[in-house]
Amino acid sequence: MAEVLGVLSKPDALVRALEQLKAAGFDDLDAYSPVPSHEIEEAIGRGPSWVRLWTLVGGLTGVTLGYLFTIWTAYDWPIMIGGKPFASIPAYTVIAFELTILFGGLLTLLGMIVHGMVATVGPHTAYRPSFSVDEFGCVVRCHVDQIPRAQEILRRAGCTEVRVVEA
(Lines give C-alpha, C1' and ligand atoms only; values in the text may rest on other atoms or scores of the structure.)
Protein backbone atom coordinates (compact mmCIF):
# COMPACT_ATOMS: atom_id res chain seq x y z
CA MET A 1 0.00 0.00 0.00
CA ALA A 2 1.15 3.48 -0.85
CA GLU A 3 -0.10 6.90 0.11
CA VAL A 4 -0.60 9.69 -2.40
CA LEU A 5 -0.79 13.18 -0.92
CA GLY A 6 -2.46 16.11 -2.64
CA VAL A 7 -2.14 19.64 -1.24
CA LEU A 8 -4.95 22.08 -1.97
CA SER A 9 -5.56 25.70 -1.06
CA LYS A 10 -9.38 25.78 -0.85
CA PRO A 11 -11.91 23.60 0.98
CA ASP A 12 -14.26 23.29 -2.00
CA ALA A 13 -11.38 21.93 -4.09
CA LEU A 14 -10.74 19.34 -1.38
CA VAL A 15 -14.39 18.29 -1.39
CA ARG A 16 -14.33 18.04 -5.18
CA ALA A 17 -11.15 15.92 -5.07
CA LEU A 18 -12.64 13.58 -2.45
CA GLU A 19 -15.84 13.15 -4.47
CA GLN A 20 -13.89 12.41 -7.68
CA LEU A 21 -11.70 9.89 -5.87
CA LYS A 22 -14.76 8.16 -4.39
CA ALA A 23 -16.35 8.03 -7.85
CA ALA A 24 -13.16 6.48 -9.24
CA GLY A 25 -13.32 3.68 -6.68
CA PHE A 26 -10.82 4.85 -4.06
CA ASP A 27 -12.26 4.15 -0.62
CA ASP A 28 -9.38 4.61 1.81
CA LEU A 29 -9.26 8.41 1.94
CA ASP A 30 -8.21 10.88 4.57
CA ALA A 31 -8.34 14.66 4.70
CA TYR A 32 -6.47 17.32 6.64
CA SER A 33 -8.15 20.66 7.20
CA PRO A 34 -7.33 23.71 9.33
CA VAL A 35 -11.06 24.30 9.92
CA PRO A 36 -13.96 21.93 10.59
CA SER A 37 -16.18 21.35 7.58
CA HIS A 38 -19.33 19.26 7.25
CA GLU A 39 -18.85 19.07 3.49
CA ILE A 40 -15.47 17.39 3.93
CA GLU A 41 -16.91 14.91 6.42
CA GLU A 42 -19.75 14.05 4.04
CA ALA A 43 -17.35 13.67 1.11
CA ILE A 44 -15.20 11.20 3.06
CA GLY A 45 -18.35 9.30 4.02
CA ARG A 46 -17.26 7.70 7.28
CA GLY A 47 -20.61 8.08 9.01
CA PRO A 48 -21.34 9.20 12.54
CA SER A 49 -18.88 8.82 15.38
CA TRP A 50 -19.07 5.87 17.77
CA VAL A 51 -18.62 8.23 20.72
CA ARG A 52 -22.35 8.88 20.85
CA LEU A 53 -22.89 5.19 21.68
CA TRP A 54 -20.61 5.63 24.71
CA THR A 55 -22.77 8.58 25.78
CA LEU A 56 -25.94 6.50 25.45
CA VAL A 57 -24.48 3.63 27.49
CA GLY A 58 -23.26 6.07 30.14
CA GLY A 59 -26.64 7.81 30.36
CA LEU A 60 -28.60 4.57 30.61
CA THR A 61 -26.17 3.24 33.24
CA GLY A 62 -26.51 6.46 35.23
CA VAL A 63 -30.31 6.52 35.25
CA THR A 64 -30.48 2.81 36.12
CA LEU A 65 -27.98 3.12 38.97
CA GLY A 66 -29.66 6.31 40.19
CA TYR A 67 -33.04 4.64 40.61
CA LEU A 68 -31.63 1.33 41.86
CA PHE A 69 -29.44 3.00 44.49
CA THR A 70 -32.19 5.23 45.86
CA ILE A 71 -34.85 2.51 45.90
CA TRP A 72 -32.46 0.01 47.50
CA THR A 73 -31.53 2.59 50.14
CA ALA A 74 -35.19 3.32 50.89
CA TYR A 75 -36.02 -0.37 51.41
CA ASP A 76 -32.81 -1.12 53.33
CA TRP A 77 -33.47 1.67 55.88
CA PRO A 78 -37.25 2.08 55.88
CA ILE A 79 -38.64 5.21 57.52
CA MET A 80 -42.44 5.33 57.53
CA ILE A 81 -43.63 8.91 57.06
CA GLY A 82 -47.38 9.45 56.89
CA GLY A 83 -48.13 6.08 55.30
CA LYS A 84 -46.29 6.98 52.06
CA PRO A 85 -44.50 4.24 50.10
CA PHE A 86 -40.82 3.72 50.77
CA ALA A 87 -39.82 3.97 47.12
CA SER A 88 -41.36 6.99 45.45
CA ILE A 89 -40.17 7.42 41.86
CA PRO A 90 -40.80 11.20 41.56
CA ALA A 91 -38.68 11.90 44.63
CA TYR A 92 -35.73 9.98 43.19
CA THR A 93 -35.87 11.40 39.68
CA VAL A 94 -33.49 14.26 40.52
CA ILE A 95 -30.79 11.84 41.70
CA ALA A 96 -31.31 9.61 38.65
CA PHE A 97 -31.07 12.64 36.36
CA GLU A 98 -27.84 13.83 37.97
CA LEU A 99 -26.26 10.37 37.66
CA THR A 100 -27.41 10.22 34.02
CA ILE A 101 -25.51 13.45 33.30
CA LEU A 102 -22.47 12.35 35.33
CA PHE A 103 -22.11 8.89 33.79
CA GLY A 104 -22.99 10.14 30.29
CA GLY A 105 -20.31 12.84 30.50
CA LEU A 106 -17.65 10.52 31.92
CA LEU A 107 -18.25 7.80 29.34
CA THR A 108 -18.29 10.40 26.56
CA LEU A 109 -14.86 11.58 27.69
CA LEU A 110 -13.64 7.98 27.89
CA GLY A 111 -15.03 7.25 24.41
CA MET A 112 -13.31 10.32 22.98
CA ILE A 113 -10.00 9.22 24.50
CA VAL A 114 -10.35 5.62 23.30
CA HIS A 115 -11.43 6.49 19.76
CA GLY A 116 -8.92 9.35 19.54
CA MET A 117 -6.07 7.06 20.44
CA VAL A 118 -7.28 4.31 18.12
CA ALA A 119 -7.31 6.80 15.26
CA THR A 120 -3.74 7.91 15.98
CA VAL A 121 -2.02 4.57 16.60
CA GLY A 122 -0.03 4.61 13.38
CA PRO A 123 2.29 7.38 12.24
CA HIS A 124 0.86 10.13 10.04
CA THR A 125 3.64 10.43 7.49
CA ALA A 126 1.60 12.60 5.13
CA TYR A 127 0.81 15.31 7.69
CA ARG A 128 2.41 18.73 7.31
CA PRO A 129 2.21 21.61 9.80
CA SER A 130 0.73 23.85 7.09
CA PHE A 131 -2.43 21.69 7.19
CA SER A 132 -3.17 23.31 10.55
CA VAL A 133 -2.75 26.82 9.18
CA ASP A 134 -3.87 27.51 5.63
CA GLU A 135 -3.63 24.41 3.43
CA PHE A 136 -5.81 21.36 2.92
CA GLY A 137 -4.54 17.84 2.38
CA CYS A 138 -6.02 14.80 0.69
CA VAL A 139 -4.43 11.40 1.31
CA VAL A 140 -5.29 8.39 -0.85
CA ARG A 141 -4.18 4.95 0.27
CA CYS A 142 -3.98 2.67 -2.74
CA HIS A 143 -2.02 -0.14 -4.35
CA VAL A 144 1.17 0.72 -6.20
CA ASP A 145 -0.41 0.13 -9.61
CA GLN A 146 -3.15 2.69 -8.84
CA ILE A 147 -0.77 5.55 -7.99
CA PRO A 148 -0.76 7.21 -11.46
CA ARG A 149 -4.56 7.22 -11.59
CA ALA A 150 -4.82 8.77 -8.13
CA GLN A 151 -2.21 11.40 -9.01
CA GLU A 152 -4.08 12.32 -12.18
CA ILE A 153 -7.37 12.75 -10.31
CA LEU A 154 -5.71 14.92 -7.67
CA ARG A 155 -4.01 17.12 -10.29
CA ARG A 156 -7.31 17.60 -12.16
CA ALA A 157 -8.97 18.57 -8.86
CA GLY A 158 -6.58 21.50 -8.50
CA CYS A 159 -3.82 20.25 -6.21
CA THR A 160 -0.82 22.54 -5.96
CA GLU A 161 1.38 19.60 -5.03
CA VAL A 162 0.94 15.85 -5.57
CA ARG A 163 3.47 13.37 -4.24
CA VAL A 164 3.79 9.78 -3.09
CA VAL A 165 4.39 9.40 0.62
CA GLU A 166 6.02 6.31 2.10
CA ALA A 167 3.48 4.59 4.33
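Residues numbered from 1 in each chain as written. Predicted model: local features only at pLDDT ≥ 70, side-chain atom pairs only at ≥ 80, totals over all residues. Heavy atoms only, no water.

Focus: the overall build of the chain
The following threshold applies: Secondary structure elements are taken from DSSP: a helix is a run of H or I of four residues or more, a strand is a run of E of two residues or more, and numbering for both begins at the N terminus. The buried label goes to any residue with under 20% of its type's maximum accessible area, the exposed label to any with over 50%, and the partly exposed label to all in between, with areas taken from a 1.4 Å probe on protein chains only. Only heavy atoms matter for contacts: two residues are in contact if any of them lie within 4.5 Å across the pair. Computed by Shrake-Rupley with a 1.4 Å probe, the accessible areas treat only the displayed protein chains as cover when residues are assessed.
Of regular secondary structure, the chain possesses five helices and four strands. Walking the chain from its N terminus toward its C terminus, one meets helices and strands in the order β-α-β-α-α-α-β-α-β. The 167 residues of the chain split such that 32% are buried. Considering only intrachain contacts with a sequence separation of at least 6, the fraction spanning at least 24 residues in the chain is 80%. In the structure as shown, the chain presents an accessible area of about 10500 Å², 66% of it carried by carbon and sulfur atoms.

Here's the deal with the sheet that holds strand 4 (residues 161–165)
Operational definition: Two strands form a pair only when DSSP identifies at least two bridges running between them. Fitted lines through C-alpha atoms give the axes, limited to the stretch in contact for helices. The angle between two N-to-C directions lies from 0 to 180 degrees.
Read across the sheet, four strands follow the order 2-3-1-4 without closing on themselves; strand pairing throughout is antiparallel. Because the sheet does not close on itself, it has two edges, and the strands there are strand 2 (29–32) and strand 4. Neighbouring strand axes in the sheet, compared pairwise and without regard to direction, differ in orientation by 20° on average. Note that strand 1 (residues 2–8) and strand 3 (residues 136–142) share seven bridges and pair antiparallel. Bridged to Ala2 within strand 3 is Cys142. Across the sheet, helix 1 (residues 11–23) touches strand 1, strand 2 and strand 3, and the angle it forms with strand 3 is around 15°. Along the sheet, helix 5 (residues 147–156) makes contact with strand 1, strand 3 and strand 4, crossing strand 1 at roughly 10°.

Points about the packing of helix 1 against helix 5
Selection criterion: Each helix crossing is assigned a hand: it is left-handed if the near helix lies turned anticlockwise from the far helix by less than a right angle, otherwise right-handed if that turn is clockwise. Charged means Asp, Glu, Lys or Arg here, nonpolar means Ala, Val, Leu, Ile, Met, Phe, Trp, Tyr, Cys or Pro, and polar covers whatever is left, Gly included.
Running from N to C, helix 1 and helix 5 cross one another at 145°; their axes reach a closest spacing of 9 Å. In this structure, the crossing between helix 1 and helix 5 has a hand that is right-handed. For the pair helix 1 and helix 5, the contacting residues are Ala17, Gln20 and Leu21 in the first and Ala150, Ile153 and Leu154 in the second. Looking at the contact of helix 1 with helix 5, its residues break down into five nonpolar, one polar and no charged.

Examining the pattern of salt bridges
Quick reminder of the rule: A pairing counts as a salt bridge when a side-chain nitrogen of Lys or Arg comes within 4 Å of a carboxyl oxygen of Asp or Glu.
Within this structure, the stated rule accounts for eight salt bridges. With a shortest N-O distance of 3.2 Å, Glu3 and Arg141 are connected by a salt bridge. Of this pair, Glu3 sits in strand 1 while Arg141 sits in strand 3; the two residues are 138 residues apart in sequence, bridging distant segments of the chain. On the basis of relative accessibility, which here comes to 10%, the residue Glu3 falls in the buried class. Taking the shortest distance from any N to any O, the salt bridge between Arg156 and Glu152 comes out at 3.6 Å. In this pair, Arg156 and Glu152 both sit in helix 5, four residues apart, roughly one turn of the helix.

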